[in-house]
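Summary of the model geometry
Next come the chains, spelled out residue by residue.
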Amino acid sequence: MSAGVNLDDWGPVHAVPTFHRARAGERTAPFGTRERPLPLIIDSDPGLDDALAIGLACASPEVRLLAVTTVGGNADVTRCTENALRLLHAYGRDDVPVAEGAAGALLGDVVRATEVHGVSGVGNTQLPASPNPARPEGAVALMARLLAESPEPVAIAPIGPLTNIALLLRAYPHLAPRIAHLCLMGGSIGEGNTTAAAEFNIVADPEAADVVFRSGVPITMIGLDVTHQALLDRSAARALRELGSESGRIAAELTDYALDRNLEWSGATTTAIHDAVAIAHLVVPDLVAVARYHVAVETGHGPARGRTVCDGLPYRLRRHGREPNADVGILIDRGRFERLLLDAYARLP
Ligand code: RIB
Ligand code: CA
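A brief structural summary.

Criteria and cut-off values
Residues numbered from 1 in each chain as written. Chains lettered and ligands numbered in written order. Predicted model: local features only at pLDDT ≥ 70, side-chain atom pairs only at ≥ 80, totals over all residues. Heavy atoms only, no water. Helix = DSSP H or I, 4+ residues; strand = E, 2+ residues; numbered from the N terminus. Rg over C-alpha atoms; globule rule 2.2 N^0.38 Å. Buried < 20%, exposed > 50% of the residue type's maximum accessible area, 1.4 Å probe, protein only. Contact = heavy atoms within 4.5 Å. Areas by Shrake-Rupley, 256 points an atom, 1.4 Å probe, with all protein chains shown as cover. Lys, Arg positive; Asp, Glu negative; His and termini not counted. Charge placed at Lys NZ, Arg CZ, Asp CG, Glu CD. Expected span 1.5 Å × (residues − 1). Near = heavy atom within 4 Å. Polar contact = N/O pair within 3.5 Å; in protein donor to acceptor, adjacent residues only side chain to side chain. Axes fitted to C-alpha atoms, helices over the stretch in contact; angles between N-to-C directions. Parallel < 35°, antiparallel > 145°, perpendicular 65-115°, else oblique. Left-handed = near helix turned anticlockwise from the far one by under 90°. 1 Å grid on protein atoms, 1.4 Å probe; cavity = no way out; pocket = protein on both sides within 12 Å on 5 of 7 lines; lining within 4 Å. Points joined across faces, edges and corners; volume = space filled by probe spheres on them. Nonpolar A, V, L, I, M, F, W, Y, C, P; charged D, E, K, R; others polar. Donors = N, O, S within 2.8 Å, 3.2 Å for Na, K, Ca; no water. Salt bridge = Lys/Arg side-chain N within 4 Å of Asp/Glu carboxyl O. Pairing = 2+ DSSP bridges.

**A look at the overall build of the chain**
- Along its length, the chain carries 14 helices and 11 strands.
- The C-alpha radius of gyration computed for the chain amounts to 19 Å, which stays within 12% of the reference 20 Å derived for 349 residues, consistent with globular compactness.
- In the chain, which comprises 349 residues, the share counted as buried stands at 56%.
- Here the analysis covers contacts within the chain between residues at least 6 apart in sequence; of these, 83% occur between residues at least 24 apart.
- For the chain, the computed accessible surface area is about 14,600 Å², with 54% contributed by carbon and sulfur atoms.
- Here the chain contributes 31 positive and 41 negative side-chain charges, whose respective centroids are spaced 5 Å apart.

**Some remarks on helix 11 (residues 246-266)**
- Its 21 residues place the ends of helix 11 30 Å apart at the C-alpha level, agreeing with the 30 Å of an ideal helix rising 1.5 Å per residue.
- For helix 11, the set of buried residues is Ser247, Gly248, Ile250, Ala251, Ala252, Leu254, Thr255, Asp256, Tyr257, Ala258, Leu259 and Arg261.
- One or two steps after helix 11, the chain reaches Gly267, where phi turns positive at roughly 80°.

**Some details on the site of ligand 1**
- If you check the shell around ligand 1, you find 13 residues, and the closest are Asp49, Asp50, Asn193, Glu199 and Asp275.
- One of the backbone N or O atoms of Ile159 is found 3.0 Å from an oxygen atom in ligand 1.
- One of the side-chain nitrogen or oxygen atoms of Asn193 is found 2.8 Å away from an oxygen atom of ligand 1.
- In isolation ligand 1 has 280 Å² of accessible area, and contact with the protein removes 96% of it.

**Let's talk about helix 14 (residues 334-345)**
- Given a rise of 1.5 Å per residue, 12 residues ought to cover 16 Å, and the 17 Å separating the end C-alpha atoms of helix 14 matches this to within 8%.
- The inward-facing, buried residues of helix 14 abut helix 2 (48-58), strand 7 (231-232), helix 10 (234-241), helix 11, helix 12 (274-283) and strand 11 (326-332).
- A side-chain oxygen of the first residue of helix 14 lies 3.0 Å from the backbone nitrogen of Gly335; this N-cap is Asp333.

**Remarks on the packing of helix 2 against helix 12**
- Where helix 2 contacts helix 12, the axes come no closer than 6 Å and their chain directions differ by 20°. Relative to helix 12, the element helix 2 lies roughly parallel. Helix-helix and strand crossings are classified by hand; for helix 2 and helix 12 the assignment is right-handed. Each of Asp49, Asp50, Leu52, Ala53, Leu56 and Ala57 in helix 2 lies in contact with helix 12, whose residues at this interface are His274, Asp275, Ala276, Ile279 and Ala280.

**Considering empty space enclosed by the protein**
- For the structure shown, the criterion picks out one cavity of 30 Å³ or more.
- Considered as a void within the structure, the largest cavity measures approximately 50 Å³ in volume.
- Class assignment of the residues belonging to the lining of the largest cavity gives a composition of six nonpolar, three polar and two charged.

**A short note on the coordination of the calcium ion (ligand 2)**
- Taken together, Asp45 (OD), Asp50 (OD), Asp50 (OD), Ile159 (O) and Asp275 (OD) make up the protein donors of the calcium ion (ligand 2), found 2.2 to 2.6 Å from the metal.
- Mapped onto the sequence, the residues coordinating the calcium ion (ligand 2) show the spacing D-x4-D-x108-I-x115-D. In this pair, Asp50 is assigned in helix 2 and Asp275 in helix 12, connecting sequence segments 225 residues apart.
- We classify Asp50 as buried; its relative accessible area is 0%.
- Look at Asp275 and you get buried, because its relative accessible area is 2%.

**Some remarks on the pattern of salt bridges**
- This structure, assessed with the given rule, holds 20 salt bridges.
- The residue Glu82 makes a salt bridge to Arg86 at a minimum N-O spacing of 2.6 Å. Remark: Arg86 and Glu82 occur in helix 3 (residues 77-90); sequence separation between them is four residues, near one turn of the helix.
- Using a relative accessible area of 31% as the deciding quantity, one classes Glu82 as partly exposed.
- A salt bridge links Asp256 to Arg241; the shortest N-O distance between them is 3.1 Å. Linking Asp256 in helix 11 with Arg241 in helix 10, this pair joins segments that are 15 residues apart in sequence.

**Here's the deal with the sheet that holds strand 10 (residues 308-311)**
- Read across the open sheet, the nine strands follow the order 3-2-1-4-5-6-11-9-10; overall the sheet is mixed. The sheet terminates laterally at strand 3 (98-100) and strand 10, the two strands that pair on one side only. Neighbour to neighbour, the strand axes of the sheet diverge by 30° on average, direction disregarded.
- Sheet topology places strand 9 (residues 288-297) next to strand 10; four bridges connect them, and they run antiparallel. Paired with Val295 across the strands is Cys310, a residue of strand 10.
- Against the sheet, helix 2 engages strand 1 (38-44) and strand 2 (63-70), with an angle of about 165° to strand 1.

Rendered as structure tokens:
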């Protein structure tokens, strides 16, 4: 005991309320419905949670999955591409093209998360080989072609570093109005996960994230504040395995691998399925509560590099002449999220 305070009780420190909690408001960016499926491109670094996000999209009639593009992040981009091809094959979606994108960040060092996802990007899971090659045109060119050819604006769900999205916006600025919604997994109002300041997808390429948040495209930032509520435990992995399907086996193995890592590192008995929350927000209109924030990215090279500085305080925004530029996820119903995932995987082969 010190000064009469129980040093084990860090509650008052970590529970220091955010100076300002923006109020949950109406979402501002579109979602899909069965009657009007949302055309969707997923940009991904598969990736344990990416794999579940892609599975959820494949099983959701509310979206029409046009392509999966890959970016270096959790693992090297060549592994991410092979994982994307094999996951789509396992999910019965050989119809969805895959194209490989940037191997690393626009500037700065290459950042990987192989300690979380394994060198393969998918733990120890053996994925069945895909009969399909990746498209030779590459991620950015494929995204540009799909945006230009689509009869309606297309949603993009970036669930890895934002390098490809920044390249797309810089190389094809005239196509920005063809992006209906950038529903990205990344950032955090509060602490980071890769550093105390920054979340992995943002700190892996802060300059790219800066381009994206300045772009004016409708953005939802699905950050750690909400994804750390989207938790699965061993019972969910068991339920996935009990589906008795190849897709259920894969999802169960990936979830168990993530649970093993968390248990080893911190004794935690749950794992956050970060990327699947971005897809869930596109297929279920009221699962994720959002609030309007101005989000800016720290691109300096100090300890805060890659931080998403989120300001939702009206008088402060007015004082600095800033307008909110993103819906930011703040709350999710964990039980509904788990049921959404399990029901989706029950529809996969
Ligand atoms: O911080 C979580 C994000 O980093 C997720 O996209 C996960 O796949 C990793 O890429
Ligand atoms: Ca990811």
